[in-house]
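For reference, the chains in residue letters:
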Amino acid sequence: MFIKPKKSLGQNFLIDRNVLEQIVDTVEITNKEVLEIGPGSGNLTTFILKKNPKKVYAIEKDDELALLLKDKFVDEITIINDDVLKISEDKISSEKLTVFGNLPYNISTEILSKWIVNINKSFWFENLVLMFQKEVAERIIAESNTSKYGRLSILSNWKLNIKKIIDIKPQSFSPRPKIDSTLLLFTPRDNFFKIQNAKNLEMLTRVFFSQRRKMLKKPFNQVFKNAKEISEKFNIDLNLRPQNLEAEMYFKLVKEYESLRC
Ligand code: SAM
């Protein structure tokens, strides 16, 4: 059955066998529980199943595709016909999941941010193998002191270790996207820096990076009443720019902000 891809749901289906194989070879999934985000027409799902996982769950928002997948895989997979942004993934299974997702690009950072922010003590996943637009992936993995470094790099590095796997060309998809894609592997950082409320990290990095070319003096004064004292405590030169501070320093500043407000 031919289903017209829906642009609004970011439907670019993977058709390159080599790439599909590389994706499922990223981590070992034999006898493990797997969650696929946006299985689409099931191309990646087929390759996942070849690896003999213990169980496969798949979240697909498109009703038409969810029906097609039920027909195609019958009881080989459990389809959750819902919006990934509304699901509580930690309720899906009592086992830690390996997640695969050729993510819809319009909501890829929203999905990743939701997962990071919602983790409190323990992780519901063992690995995340996710595809992003190349430009977004570069921002996720960017190091401090580079132009791509910013809010997304800091948030991602907070609770996750990140490794780039491969770049993928537009011709590996149908319909072809206009841009290159990149596959990233994320694994939990068990000892991530504890802050009280992720909203404070979001606020602080928003204030700092909305004026990324300005010296730190300005955002520091906006966030802290006693900016000079705090910059001295952490040995921060206020003539530097936001991109010069490592992620760890942002977490320390959030902790300081939280302690001052208690
Ligand atoms: N995995 C398939 C592949 O690689 O060929 C399809 C990937 S396609 C880029 C993204 C998929 O995510 C589509 O099937 C789309 O319908 C689905 N999708 C889009 N928004 C979604 C949402 N909010 N929740 C769940 N699935 C969604």
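For the structure, see preceding data.
Computed from a predicted structure; not experimentally measured. (Residues numbered from 1 in each chain as written. Predicted model: local features only at pLDDT ≥ 70, side-chain atom pairs only at ≥ 80, totals over all residues. Heavy atoms only, no water.)

Let's talk about helix H10 (residues 247-261)
- In this model H10 runs 22 Å from its N-terminal to its C-terminal C-alpha over 15 residues, within 8% of the 21 Å that 1.5 Å per residue would give.
- Along H10, the positions that sit buried rather than exposed are Ala247, Met249, Tyr250, Phe251, Leu253, Val254, Glu256, Tyr257 and Glu258.
- Here the buried face of H10 lies against helix H6 (151-159), helix H7 (198-209), helix H8 (217-223) and helix H9 (227-233). (Helix = DSSP H or I, 4+ residues; strand = E, 2+ residues; numbered from the N terminus. Expected span 1.5 Å × (residues − 1). Buried < 20%, exposed > 50% of the residue type's maximum accessible area, 1.4 Å probe, protein only. Contact = heavy atoms within 4.5 Å.)

Section: the site of the ligand
- The full set close to the ligand counts 22 residues, and Gln11, Gly38, Glu60, Asp83 and Asn102 are the nearest of them.
- Separating an oxygen atom of the ligand from a backbone N or O atom of Gly40 is a distance of 3.3 Å.
- Within the side chain of Asn102, a nitrogen or oxygen atom sits 2.7 Å from an oxygen atom of the ligand.
- Compared with its free state, where it exposes 600 Å², the ligand has 98% of that area covered by protein. (Near = heavy atom within 4 Å. Polar contact = N/O pair within 3.5 Å; in protein donor to acceptor, adjacent residues only side chain to side chain. Areas by Shrake-Rupley, 256 points an atom, 1.4 Å probe, with all protein chains shown as cover.)

What about the side chain of Thr182?
- On the secondary structure map, Thr182 appears in strand S9 (residues 181-188).
- At 2.7 Å, the side chain of Thr182 and the side chain of Asp167 are in polar contact.

So, the pairing of strand S3 (residues 55-59)
- Among the five residues that make up S3, four are buried, leaving the element largely enclosed by the rest of the structure.
- In this sheet, S3 lies alongside strand S2 (residues 33-37) in parallel orientation, the contact comprising five bridges. Considered in S3, the bridge of Leu35 is made with Tyr57.
- Tracing the backbone out of S2, into helix H2 (residues 43-50) and back to the parallel element S3 gives a crossover that is right-handed.
- As defined by bridge partners, S3 adjoins strand S4 (residues 78-80) across three bridges and the pair is classed as parallel. Directly across from Tyr57, in S4, lies its bridge partner Thr78. (Pairing = 2+ DSSP bridges. Right-handed = clockwise from strand over helix to strand, strands pointing away.)

Remarks on the packing of aromatic side chains
- One pass over the full model with this rule turns up 14 aromatic pairs.
- With a centroid separation of 5.4 Å and 80° between ring planes, the pair formed by Trp115 and Trp124 is classed as edge-to-face.
- For Trp115, a relative accessible area of 2% corresponds to the buried category.
- Aromatic side chains Phe209 and Tyr250 sit 5.6 Å apart centroid to centroid with 40° between the ring planes, which places their arrangement in the tilted category. Residue Phe209 is located in helix H7, and its partner Tyr250 is located in helix H10; the two are separated by 41 residues in the primary sequence.
- For Phe209, a relative accessible area of 9% gives the class buried.
- One aromatic cluster is present, built from ring pairs that chain together Trp115, Phe123, Trp124, Phe125, Trp158, Phe192, Phe193 and Phe251.
- A cation sits over an aromatic face here: Lys159 above Trp158, 4.1 Å from the ring centre. (Phe/Tyr/Trp six-rings, centres within 6.5 Å; stacked < 30°, edge-to-face > 60°. Lys NZ or Arg CZ within 6 Å of the ring centre and 35° of its normal.)

A word on the layout of surface pockets
- Looking at the largest pocket, its volume works out to about 420 Å³.
- Surrounding the largest pocket, 31 residues form its lining, Leu9, Gly38, Glu60, Asn102 and Pro104 being those nearest its centre.
- Sorting the residues of the lining of the largest pocket by element identifies strand S1 (13-14), S2 and H2 as the ones contributing at least two each.
- One number sums up the size of the second largest pocket: a volume of about 270 Å³.
- Lining the second largest pocket are Lys7, Gly10, Gln11, Asn12, Tyr105, Pro175, Arg176, Pro177, Lys178 and Ile179.
- Residue composition of the lining of the second largest pocket, grouped by class: four nonpolar, three polar and three charged. (1 Å grid on protein atoms, 1.4 Å probe; cavity = no way out; pocket = protein on both sides within 12 Å on 5 of 7 lines; lining within 4 Å. Points joined across faces, edges and corners; volume = space filled by probe spheres on them. Nonpolar A, V, L, I, M, F, W, Y, C, P; charged D, E, K, R; others polar.)

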